[in-house]
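Each chain, letter by letter, is given below.
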Amino acid sequence: MKIRELLKISRVIPVLELDDVDTAPDLAEALCAGGASVLEITLRTPAAFEVMEAIKARVPQAHVGAGTVNTSDQIDRCKALDLAFMVSPGLHAPLAETALKSGIPYLPGVATASDLLGAIDLRLDTLKFFPATAAGGTNMLKALGGPYGDIRFCPTGGINSDNCEDFLSLSNVLCVGGSWVASKSLIKNQSWDEITRLAKAVNNGAT
Ligand code: 3PG
């Protein structure tokens, strides 16, 4: 599936930093029950690859991808796991070329018009906008929509129940990413029903 199609599956992509392989599939099930089946597991914990393997094995309806992909070695490991997608916080042409060659749908981050020129050079038209609120929020996305009307974004960073609809109402936004639907404290307390409720609220436009 192309990255643009993948971003149309759910209005929110939970960004997850997970340590516990045993509970990760329960969390993934809770998110899928709320319609959030595209899951970004950040490569910020030693357990991240094992977590993704466990979710893939137990929750086949989840689209499991890696976030914080910073190196080509990580891309090799993502390929070995046959992941659904990969996300990088920024855009670095050599890394993006390796990612595109891997065949795994790829979502690099941009924050400026100059970044967008680099993306267009690589024929990328679907991008993460990161860090969304710090990099200018909805005003910046509207401004970038002038010269770059064909580009579609997944804003991530600083998004929550209070501001997600502002982003989702923009014509150049396909979905938003964020950790608020499954915060560290909700995960620690195994508050699966609340996590399902938060995911459902975004997908139903009821935040
Ligand atoms: C991240 O890289 O951690 C994501 O952008 C999530 O940001 P958030 O915690 O502000 O949602």
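In this report, the structure presented in the accompanying data block is examined.

Calculation rules
Residues numbered from 1 in each chain as written. Predicted model: local features only at pLDDT ≥ 70, side-chain atom pairs only at ≥ 80, totals over all residues. Heavy atoms only, no water. Helix = DSSP H or I, 4+ residues; strand = E, 2+ residues; numbered from the N terminus. Rg over C-alpha atoms; globule rule 2.2 N^0.38 Å. Contact = heavy atoms within 4.5 Å. Areas by Shrake-Rupley, 256 points an atom, 1.4 Å probe, with all protein chains shown as cover. Lys, Arg positive; Asp, Glu negative; His and termini not counted. Charge placed at Lys NZ, Arg CZ, Asp CG, Glu CD. Near = heavy atom within 4 Å. Polar contact = N/O pair within 3.5 Å; in protein donor to acceptor, adjacent residues only side chain to side chain. Nonpolar A, V, L, I, M, F, W, Y, C, P; charged D, E, K, R; others polar. Buried < 20%, exposed > 50% of the residue type's maximum accessible area, 1.4 Å probe, protein only. Core = buried A, V, L, I, M, F, W, Y, C linked by side-chain atoms within 4.5 Å. Salt bridge = Lys/Arg side-chain N within 4 Å of Asp/Glu carboxyl O.

### Quick word on the overall build of the chain
And then number 1: Secondary structure summary: the chain contains ten helices and nine strands in total.
And then number 2: Relative to the 2.2 N^0.38 estimate, which gives 17 Å for 207 residues, the radius of gyration of the chain is 16 Å and therefore close to what a compact globule would have.
And then number 3: C-alpha extents for the chain along the principal axes are approximately 45 × 40 × 25 Å.
And then number 4: Within the chain, counting contacts between residues at least 6 apart in sequence, those at least 24 apart form 61% of the total.
And then number 5: Of the roughly 9,200 Å² of accessible surface on the chain, a fraction of 48% belongs to carbon and sulfur atoms.
And then number 6: Across the chain, the 18 positively charged side chains and the 23 negatively charged ones have centroids separated by 5 Å.

### What to know about the site of the ligand
And then number 1: Around the ligand, the surrounding shell consists of V15, R44, F130, T156, G157, G158, G178 and S179.
And then number 2: Measuring from an oxygen atom of the ligand, one finds a side-chain N or O atom of S179 at 2.6 Å.
And then number 3: Here the ligand, which alone exposes 310 Å², has 76% of that area covered by the protein.
And then number 4: Residues belonging to the shell around the ligand are distributed by class as follows: two nonpolar, five polar and one charged.

### With respect to the side chain of N163
And then number 1: Position of N163 among the secondary structure elements: in the loop between β8 (152-155) and α8 (164-168).
And then number 2: A distance of 2.7 Å separates the side chain of N163 from the backbone nitrogen of N160, its partner in a polar contact.
And then number 3: When near neighbours in sequence (up to four residues on either side) are disregarded, N163 contacts T133 and G158.

### Thoughts on the side chain of T45
And then number 1: Among the structural elements, T45 can be located in the loop between β2 (38-42) and α3 (48-58).
And then number 2: Judged by its relative accessible area of 10%, T45 falls in the buried class.
And then number 3: A distance of 2.6 Å separates a polar atom in the side chain of T45 from the backbone oxygen of L18.
And then number 4: What T45 contacts, discounting residues up to four positions off in sequence, is E17, L18 and D19.

### Let's talk about the nonpolar core
Considering soluble globular proteins, one finds that nonpolar side chains tend to be buried as a cluster.
And then number 1: With 66 residues, the main nonpolar core has L31, I41 and I55 as its most contacted residues.
And then number 2: The dominant element in this core, judged by the number of residues it contributes, is helix α2 (residues 24-33), at six residues.
And then number 3: Beyond its immediate stretch of four places on either side in the chain, L31 contacts P14, L16, A36, L39, V181, A182, I195 and A199.

### Quick word on the pattern of salt bridges
And then number 1: Considering all chains together, one arrives at eight salt bridges under this definition.
And then number 2: Among the ionic pairs, D26 bridges to R58, the shortest N-O distance being 2.8 Å. Here D26 is found in helix α2, whereas its partner R58 is found in helix α3, with 32 residues between them in sequence.
And then number 3: When its relative accessible area of 40% is taken as the criterion, R58 is described as partly exposed.
And then number 4: Residues E29 and R58 are paired through a salt bridge, measuring 3.9 Å at the closest nitrogen-oxygen approach. With E29 in helix α2 and R58 in helix α3, this residue pair connects regions lying 29 residues apart in the sequence.
And then number 5: You can call E29 partly exposed: its relative accessible area is 35%.
And then number 6: Put simply, E17, R44 and K184 are held in one network by salt bridges that share partners.

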